[in-house]
Amino acid sequence: MSSLTTALIVFACLFISMMLGFFLRGVAPQHHLETDSKDTVKLATGLIATLSALVLGLLVASARDSFNQVSGELMRMAVRVVLLDRVLAQYGPDAKEIRVLMKTGYSTASDLMLSGDEAQQMQLDTPEALARWENIQAKLRELSPQSDAQRGLKSRALEISDELTGSRWLLIVQSKGSVSMPLLVVLVFWLSMIFTAWSVYAPRNTIVTAALLACAMCVSGAIFLILEMDSPMTGLIRVSGTAVRAALSHLGE
């Protein structure tokens, strides 16, 4: 389910809750709407609002961490790719084929990662994509150093390639998002209760209705932004590809 669809569902839930509150105001006995009842409901909604704010804060923090981790991992991967290319360049002509394969593979993977299309990004997690990378690692292990310097460079290249393998799997795992849907459902339920309570004791006029609708739009907008940040490789809010493109421009130099 897309972020926009989820946000629209949240807005619909809050709108229905608001209309339910207006309906209950019309059918409830008058003594249920008196000051004492109103004060008690205010205390209850205040508690629910506090809990909702805490859960909303947890969701924001989770989405922000997911976004920052993916962004940071893309940057670290870009740096490691350039570093590996420079190590192989120092190794000598024997590593030229590996450098070409690495540049081609990283260029293809970058196009998929930055496409914003989930279907294309799924191609990164296929046996073919894994085989291409493992082929590069196999060729690294097949290098035959002729000096101590080359032996050191080969060891360093293998170390960097292992780090790139870890980054690859980390990006694949983190791109799935980390926001708990049950937690989101509970939050929407609490917010619906708040909207119902507000509209029960609110006068039924244009100003009040517009204010509650604006509030519902803001809440659903916040949910939309949380879900967008929780999917940093797709959607409207995506991680920057500047580091990736910069790394590509330096490969093969």
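Nothing here was measured: the structure is a model prediction, and the numbers come from that model.

### Looking at the overall build of the protein chain
Scanning the protein chain from terminus to terminus reveals nine helices and zero strands. Reading the helices (α) and strands (β) of the protein chain from amino to carboxyl end gives α-α-α-α-α-α-α-α-α. The globule rule puts the C-alpha radius of gyration for 253 residues at 18 Å, and the 27 Å found for the protein chain is more than 25% above it. If you line up the protein chain on its principal axes, its C-alpha atoms span 95 × 30 × 25 Å. Looking at the protein chain as a whole, 37% of its 253 residues qualify as buried. Restricting to contacts in the protein chain with at least 6 residues of sequence separation, those with at least 24 account for 80%. Taken as a whole, the protein chain presents about 13,900 Å² of accessible surface, with 64% of it coming from carbon and sulfur.

### A short note on the nonpolar core
Membership of the largest hydrophobic core comes to 33 residues, with the highest contact counts inside it found for Leu74, Leu84, Leu88, Tyr106 and Leu164. The set of elements that each furnish at least two residues to this core consists of α2 (35-91), α3 (96-113), α5 (127-142), α6 (148-174) and α9 (242-250). Setting aside residues no more than four positions away along its own chain, leucine 84 makes contact with Met102, Ala157, Ile160 and Leu164. Membership of the second largest hydrophobic core comes to 18 residues, among which are Val10, Ile48, Val55 and Leu187.

### Details of the packing of helix α1 (residues 3-27) against helix α8 (residues 206-230)
The interhelical angle for the contact between α1 and α8, taken along N-to-C directions, is 155°, at an axis separation of 8 Å. As the angle between them shows, α1 and α8 are arranged roughly antiparallel. Helix-helix and strand crossings are classified by hand; for α1 and α8 the assignment is right-handed. Touching Ser3, Leu4, Thr6, Ala7, Val10, Phe11, Leu14, Phe15, Met18 and Phe22 of α1 are Val208, Thr209, Leu212, Leu213, Ala216, Met217, Val219, Ser220, Ile223, Phe224, Leu227 and Glu228, all from α8. A per-class count over the contact of α1 with α8 returns 17 nonpolar, four polar and one charged.

### Remarks on the pattern of salt bridges
According to the stated counting rule, one finds eight salt bridges in the structure shown. Lysine 139 is the partner of glutamate 97 in a salt bridge, and the nearest nitrogen-oxygen pair spans 3.5 Å. Here lysine 139 lies in helix α5 and glutamate 97 lies in helix α3, a separation of 42 residues in the sequence. Between aspartate 148 and arginine 151 there is a salt bridge; the shortest N-O distance is 2.4 Å. Here aspartate 148 pairs with arginine 151, and both are found in helix α6, just three residues apart, close to one helical turn. Classification of aspartate 148 by relative accessible area gives exposed; the value is 62%. Residue classification places arginine 151 among the partly exposed positions, given a relative accessible area of 45%. Overlapping salt bridges bring together Glu73, Arg76, Arg80 and Glu163 as one network.

### Some points on the side chain of serine 66
Inspection of the secondary structure puts serine 66 in helix α2. Of the residues examined, serine 66 reaches a relative accessible area of 5% and is grouped as buried. Apart from residues lying up to four places away in sequence, serine 66 is in contact with Gln174, Ser178, Asp230 and Pro232.

Thresholds applied
Each residue is numbered by its place in its chain's sequence as written, counting from 1. Restriction of local features to residues with pLDDT of at least 70 applies here, the model being predicted, together with a cutoff of 80 or more for giving and counting side-chain atom pairs; totals for whole chains, interfaces and linings are based on all residues. Side-chain descriptors were evaluated using all non-hydrogen atoms of the structure, hydrogens and water having been removed beforehand. Going along the chain from the N terminus, every DSSP run of H or I of four or more residues is numbered as a helix, and every run of E of two or more is numbered as a strand. Each radius of gyration is computed over the set of C-alpha atoms, and the globule rule expresses the reference value as 2.2 Å times the number of residues to the power 0.38. Each residue is placed in one exposure class: buried if its accessible area under a 1.4 Å probe, protein chains only, is under 20% of its type's maximum, exposed if it is over 50%, and partly exposed if it falls in between. Contact between two residues is taken to exist if any of their heavy atoms lie within 4.5 Å; hydrogens are not considered. To be clear on the numbers: accessible area is Shrake-Rupley with a 1.4 Å probe, and residue cover counts the displayed protein chains and nothing else. In this description, a nonpolar core means a group of buried Ala, Val, Leu, Ile, Met, Phe, Trp, Tyr and Cys residues linked to one another through side-chain atoms lying within 4.5 Å. Note on method: axes are straight lines fitted to C-alpha atoms, helices fitted across the in-contact stretch only, with angles between N-to-C directions ranging 0 to 180 degrees. Convention used here: angles under 35 degrees read as roughly parallel, angles over 145 as roughly antiparallel, angles from 65 to 115 as roughly perpendicular, and any remaining angle as oblique. Crossing handedness follows the turn of the near helix against the far one: under a right angle anticlockwise gives a left-handed crossing, and clockwise gives a right-handed one. Only Asp, Glu, Lys and Arg are considered charged in this grouping, and only Ala, Val, Leu, Ile, Met, Phe, Trp, Tyr, Cys and Pro are considered nonpolar; every other residue, Gly among them, is considered polar. Within this document, salt bridges are pairs made up of a side-chain nitrogen of Lys or Arg and a carboxyl oxygen of Asp or Glu, the two lying within 4 Å of each other.

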